[in-house]
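Chain by chain, the residues:
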Amino acid sequence: MDVLMTAMEKIKNNPNRDKVGKYIFYTAFIIYLVTHFLMGTMYVYIFYDIGLSIPYRIMMVAVALAVIKILFFNRISNWQELTIEILVGLLLAVTAINSQTMDLLYYYIMILAAKDLDFKQILKVFIYIEVFMLLFSAFSVYMGWILEVVNMRTGNAGIRLSLGSVYPTDLAARIFYISLAYVTLKKFKLKLPEYISLLAICAFIYFVTDTKVDTLLILLLIVISAFYNTVTELLYRIGANTITLVAGAVVGIEIVLTYLYTANSRIFSIMDRVLSGRLKYGHMAFKDYNVTMFGQFIKEHANGGIHKGKFNYFFIDVSYLRVLMFGGVVAFVFLVIMLVYSVNKFMNDKTICLLVALLFAALSSLIDQHLMELSYNIIFIAMLTNNDYFKDKLV
């Protein structure tokens, strides 16, 4: 303990402390992003051949670097703050071990590691890495290094491509989150060429992946950008409490409807078709596993990747339900706290563009499973970062 205290004191007095800490974070961040991205592509089958544990070990290296950044380079107000951070981390570690899903725990560590850093720069790095990896994934398919997943919807002859991702909807979600990150970086103030580019991205998602949700989300992104000043004024009038209550009610209603779902109900059947089976499979999760306090492992059979023969599809798509079922009550409460804290922080700091980005991620997560996957959704990193660049000048 004395050695640790001595080391921390030396680092604290080092004039290059902040610079070294920043380099450590970005090293960890980039390693984690690249590895997590690859795990969502057909490279995962190469990892199966050479040892699936390799990417997880690489991510653990990134997380270890992030922990070093937190312990030795973060400016901690007092030991009580550090104690709370450690206790929360231990609780999330329990849920991660029980569920065999590390995304929420690793995201939490990265949030702490990014403390006081410039979110604008983090967002730039995120966009560069994501775009590069997206192009690399597509190029890998072109070169024949990985397989391409070609899919068709039932009753539809149209071909859906994934360009190296494990499933077309994952490609669409990836492009949506990159677009959201870029528009957030521009503070939702776009020029004509950028609007045209977003429309082109819309067309690409619709015709290549046939994913309507992400197509509609990007169209909404265009509309919100075009009327951003009006949206900003409206959100200030509504206030953080109302936003939180409405968002919480929507999420709560979706979870309750999922729990109450019955195939014999005509209304439920129509709703389930609109939601592409999310009520049905979510209800199966409640029925077969139910909710635990500290998480559980749930065996899923998704459409993505390669399948040999027939299989019984079962996958929890909705992010909120996924956190609740896999991570248990503890993880779900933590997610709710993150959402409430973020809404209030972005509103109080007058960084409305970050609040709008959070609402887009929250809206998307009513359908997809990527809310707590850092290589998709980066907005929670802004919880503890320096967000001065994003402050709204209208107020």
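Being a predicted model, the structure only gives us computed values, none of them experimental. (Residues numbered from 1 in each chain as written. Predicted model: local features only at pLDDT ≥ 70, side-chain atom pairs only at ≥ 80, totals over all residues. Heavy atoms only, no water.)

### Quick word on the overall build of the protein
Applicable threshold: Secondary structure elements are defined from DSSP: runs of H or I of at least 4 residues count as helices, runs of E of at least 2 residues count as strands, and each element is numbered from the N terminus. Put simply, the radius of gyration uses C-alpha atoms, and a globule should come to 2.2 Å times the residue count raised to 0.38. Residues are treated as being in contact if the distance between any of their heavy atoms lies within 4.5 Å. For accessible areas, the Shrake-Rupley method is used with a probe of radius 1.4 Å. Any residue's cover is judged against the shown protein chains and nothing else. The charge count treats Lys and Arg as positive and Asp and Glu as negative. His and the chain ends do not count. Each charge is placed at NZ for Lys, CZ for Arg, CG for Asp and CD for Glu.
Helix and strand counts for the protein stand at 16 helices and 2 strands. Radius of gyration (C-alpha) of the protein: 21 Å, near the 21 Å computed for a compact globule of 395 residues. The principal-axis extent of the C-alpha atoms belonging to the protein is close to 65 × 50 × 45 Å. Summarising the internal contacts of the protein: among those between residues at least 6 apart in sequence, 73% fall at separations of at least 24. Of the roughly 19600 Å² that the protein leaves accessible, carbon and sulfur atoms contribute 66%. Each charge class in the protein can be summarised by its mean position, and for the 33 positive and 26 negative side chains these summaries are 3 Å apart.

### As for helix 16 (residues 352–364)
Let me state the cut-off plainly: Any helix carries an expected span of 1.5 Å times its number of residues minus one. Partly exposed describes any residue whose relative accessible area lies between the buried limit of under 20% and the exposed limit of over 50%, with all areas from a 1.4 Å probe on protein chains only and scaled to the type maximum.
With 13 residues, helix 16 extends 18 Å between its outermost C-alpha atoms, agreeing within 8% with the 18 Å of an ideal straight helix rising 1.5 Å per residue. With 11 of 13 residues buried, helix 16 is to be regarded as a mostly interior element. Within helix 16 the residues assigned to the buried category are I352, C353, L354, L355, V356, A357, L358, F360, A361, A362 and S364.

### Remarks on the packing of helix 12 (residues 240–260) against helix 15 (residues 319–348)
Convention followed: Each axis is a line fitted through C-alpha atoms, taken for helices only over the stretch in contact, and angles between the N-to-C directions span 0 to 180 degrees. In what follows, roughly perpendicular refers to angles from 65 to 115 degrees, roughly parallel to angles under 35, roughly antiparallel to angles over 145, and oblique to any angle outside these ranges. The hand of a helix crossing depends on one turn: near helix anticlockwise from the far one by less than a right angle means left-handed, and clockwise means right-handed. Only Asp, Glu, Lys and Arg are considered charged in this grouping, and only Ala, Val, Leu, Ile, Met, Phe, Trp, Tyr, Cys and Pro are considered nonpolar; every other residue, Gly among them, is considered polar.
Two numbers describe how helix 12 lies on helix 15: the axes approach to 9 Å, and their chain directions differ by 165°. Compared by their axis directions, helix 12 and helix 15 come out roughly antiparallel. The interaxial crossing formed by helix 12 with helix 15 has right-handed handedness. Contacts from A240, N241, I243, T244, V251, E254, I255 and T258 of helix 12 reach helix 15 at Y320, L321, L324, F332, V340, V343, N344 and M347. Its residues placed into classes, the contact of helix 12 with helix 15 shows 11 nonpolar, 4 polar and 1 charged.

### A short note on the packing of aromatic side chains
Rule in force here: Aromatic rings from Phe, Tyr and Trp, with only the six-membered ring used for Trp, were paired whenever their centres fell within 6.5 Å, and each pair was classed as stacked if the ring planes differed by under 30 degrees, edge-to-face if by over 60, and tilted otherwise. Comment: the charge-over-ring label is applied if NZ (Lys) or CZ (Arg) is within 6 Å of the ring centre and within 35 degrees of the ring normal.
Tallied over the full model, the rule gives 20 aromatic pairs. The interplanar angle of 85° and the centroid separation of 5.1 Å between the aromatic rings of Y259 and F286 together place this pair among those described as edge-to-face. Taken as a pair, Y259 in helix 12 and F286 in helix 14 (residues 278–288) lie far apart in primary sequence, 27 residues in all. Residue Y259 is classed as partly exposed on the basis of its relative accessible area of 47%. Residue F286 is classed as buried on the basis of its relative accessible area of 8%. An aromatic cluster is defined as three or more aromatic residues linked by ring pairs; in this entry it consists of Y43, F132, F136, F139, Y142 and W145. Taking NZ or CZ as reference, R174 lies 3.8 Å from the ring centre of Y376, over its face.

### A closer look at a nonpolar patch on the surface
The test is simple: Think of a patch as exposed residues, more than 30% relative accessible area, with no salt bridge, where like charges cluster within 9 Å and nonpolar side chains (Val, Leu, Ile, Met, Phe, Trp, Tyr) cluster within 5 Å. When a carboxyl oxygen of Asp or Glu lies within 4 Å of a side-chain nitrogen of Lys or Arg, that pair is called a salt bridge.
Taken together, the side chains of L91, V94, M293, F294, V329, V333, I337 and Y341 present a nonpolar region at the surface, about 660 Å² in accessible area. Secondary-structure elements contributing two or more residues to the nonpolar patch are helix 5 (79–99) and helix 15. No other element matches the 4 residues that helix 15 contributes to the nonpolar patch. Relative to the elements of secondary structure, V94 occurs in helix 5.

### Side note on the nonpolar core
Basically, it comes down to this: We call a set of buried Ala, Val, Leu, Ile, Met, Phe, Trp, Tyr and Cys residues a nonpolar core when their side-chain atoms join them within 4.5 Å.
I122, F188, Y320, F380 and I381 are the most contacted members of the largest nonpolar core, which totals 118 residues. In terms of residue count, the dominant contributor to this core is helix 15 (15 residues). Aside from chain neighbours lying at most four places away, what touches Y320 is V251, E254, I255, F332, L335, L339, A362, S365, L366 and L371.

### Thoughts on helix 12
Formally: By definition, the arc is the one covered by directions from the helix axis to the C-beta atoms.
Across its 21 residues, helix 12 extends 30 Å between first and last C-alpha, which sits within 8% of the 30 Å expected from 1.5 Å per residue. All of the buried residues in helix 12 are A240, I243, V251, E254, I255 and T258. Seen end-on, helix 12 carries its buried residues on one side only, within an arc spanning 95°. For helix 12, the exposed residues set more than 90 degrees away from the buried face come down to N241 and L245.

### Here we look at the packing of helix 5 against helix 6 (residues 103–113)
Running from N to C, helix 5 and helix 6 cross one another at 160°; their axes reach a closest spacing of 9 Å. Between helix 5 and helix 6, the angle is such that the two are roughly antiparallel. Considering the relative orientation of helix 5 and helix 6, their crossing is left-handed. In this structure, helix 5 contributes I84, E85, V88, G89, L92, A93 and A96 to the contact, and helix 6 contributes L104, L105, Y108 and L112.

### What about the environment of D210?
Quick reminder of the rule: Polar contacts, as used here, are pairs of N or O atoms within 3.5 Å; protein pairs need one atom able to donate a hydrogen and one able to accept it. Residues neighboring in sequence count only if both atoms are side-chain atoms.
For D210, the position within the fold is in the loop between helix 9 (192–209) and helix 10 (212–226). The class of D210 is buried, set by a relative accessible area of 12%. Spatially, the C-alpha atoms of D210 and E194 are 22 Å apart, while their sequence positions differ by 16 residues. A distance of 3.5 Å separates a polar atom in the side chain of D210 from a polar atom in the side chain of K212.

### Structural notes on the side chain of S165
Mapped onto the secondary structure, S165 falls in the loop between strand 2 (160–161) and helix 8 (168–185). Given a relative accessible area of 5%, S165 falls into the buried group.

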